[in-house]
Amino acid sequence: MTDFSFSGLSPDTILDALETQGIFLQSGLLALNSYENRVYQFIAEDGKRYVVKFYRPGRWSDEQIQEEHNFAKELADNEIPIIAPMAVNTKTLHHHSVGSTDYRFAIFPSVGGRQFENDNLDQLEWMGRFIGRIHLTAQASAFSSRPAIDVESYLLEPQRVLEQSELLPEGLKTAFFAILNPVIEATQKAYKNVSSPIRLHGDCHPGNILWRDGPTFVDLDDCRMGPAIQDLWMMLSGDRQQQLLQLDTLVEAYEEFQPFNKAELALIEPLRAMRMVHYMAWLSRRWSDPAFPRAFPWFAEDKYWEGQILALKEQMSALQEPVLKLGM
């Protein structure tokens, strides 16, 4: 049986793994904010600062991880500011086994910066240009191993996970599924006509962008095939009028490098609903990892699920609203 946990990833194991690649530490390991994987910053003997990322066992295949790495290198080679894994001993993906668990890891340069401000129109303009450049490169070929953003993996499979979850309070199950199921049904109907999927960053939210005289993109761990709007909609915030202004800013800058299919605006709310459902199921699936109850203690509380019932009702209303239109 595959071990999906990090129970065997001790500090000694991390040091041993790095030493297999000829990397020896000058400093200790600093754990960075990551839950799906395990990520540590360190200073090596050469005095430079690096980051090592250990992939969650069993989540991706070697081929899928290598596609992530190749995509990052392709973007970097096209002068797009993205933190790509370093080739160490000619490879970017490395293995270190502990018992029956094979830990896959990669090493990155450590880069600092502040968080992107998604209510800053000047920064949004920068983002639109760079996402346009990313997509110009991305459309040159397709992923062959990595999955797509689809109804099965973002709605139906999470629905099954939530139906079996013991974390959902018994007294709230009826009310929860009374709104979850219609949201899923409405989202399925709305998520259609994805005619030209491309390679995407996939998780392009402000937390995955560092700002240093412009954006630097990090974390392609969720790169997938999907509609271009997926890499834009998570930049939007505020009320409808604010989002329209932000969207105009993004798309105008995006189209300096790449045409934007305005029909994809109809996918914003379906994609938002898919992210909501997928996120709840992700937390439920990962609850056996000790890091999750520590980081998300509210997930097991009635108050959280009551909030999700309300959020799903609001999302149902959003799915029924007119689609955002540019130039309004």
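Relevant structure appears above.
A brief report on the enclosed structure follows. These numbers come from a predicted model, not from an experiment. (Residues numbered from 1 in each chain as written. Predicted model: local features only at pLDDT ≥ 70, side-chain atom pairs only at ≥ 80, totals over all residues. Heavy atoms only, no water.)

Here we come to the packing of helix H4 (residues 151-164) against helix H5 (residues 173-190). Where H4 meets H5, the closest approach of the two axes is 11 Å, and the angle between their N-to-C directions is 165°. In terms of orientation, H4 lies roughly antiparallel with respect to H5. Crossing handedness for the pair H4 and H5: left-handed. The segment H4 lies against H5, with Val 151, Leu 155, Leu 156, Gln 159, Leu 162 and Glu 163 engaging Phe 176, Phe 177, Leu 180, Asn 181, Ile 184, Thr 187 and Gln 188. Broken down by class, the residue content of the contact of H4 with H5 amounts to eight nonpolar, four polar and one charged. (Axes fitted to C-alpha atoms, helices over the stretch in contact; angles between N-to-C directions. Helix = DSSP H or I, 4+ residues; strand = E, 2+ residues; numbered from the N terminus. Parallel < 35°, antiparallel > 145°, perpendicular 65-115°, else oblique. Left-handed = near helix turned anticlockwise from the far one by under 90°. Contact = heavy atoms within 4.5 Å. Nonpolar A, V, L, I, M, F, W, Y, C, P; charged D, E, K, R; others polar.)

Now for helix H2 (residues 62-77). The terminal C-alpha atoms of H2 lie 22 Å apart, and with 16 residues this matches the ideal 22 Å at 1.5 Å per residue to within 8%. Within H2, burial applies to Gln 64, Ile 65, Glu 67, Glu 68, His 69, Phe 71, Ala 72 and Leu 75. At its buried positions, H2 is contacted by strand E3 (49-54), strand E5 (101-109), helix H3 (121-138) and strand E7 (198-199). A positive backbone phi angle near 60° is found at Glu 79, which sits one or two residues after H2. (Expected span 1.5 Å × (residues − 1). Buried < 20%, exposed > 50% of the residue type's maximum accessible area, 1.4 Å probe, protein only.)

Here we take up unusual backbone geometry. Backbone geometry at Thr 90 places phi at a positive 75°, although glycine is not the residue there. With respect to the helices and strands, Thr 90 occurs in the loop between H2 and strand E4 (94-98). A positive phi is found at Asp 213, a non-glycine position, where the angle reads about 55°. Along the chain, Asp 213 falls in the loop between strand E8 (209-211) and strand E9 (215-217). Under the relative-accessibility criterion, Asp 213 is labelled exposed at 76%.

Moving on to the packing of aromatic side chains. Under the counting rule described, the total for this entry stands at 22 aromatic pairs. When the centroid spacing of 5.4 Å and the interplanar angle of 90° are considered together, the rings of Phe 71 and Phe 143 count as edge-to-face. Taken together, the positions of Phe 71 in helix H2 and Phe 143 in the loop between H3 and H4 put the pair 72 residues apart, joining distant regions of the chain. Taken individually, Phe 71 and Phe 143 each receive the classification buried, so the pair is uniform in this respect. For the pair Phe 296 and Trp 298, a centre-to-centre distance of 5.5 Å together with 80° between the ring planes defines the contact as edge-to-face. Under the relative-accessibility criterion, Phe 296 is labelled buried at 9%. (Phe/Tyr/Trp six-rings, centres within 6.5 Å; stacked < 30°, edge-to-face > 60°.)

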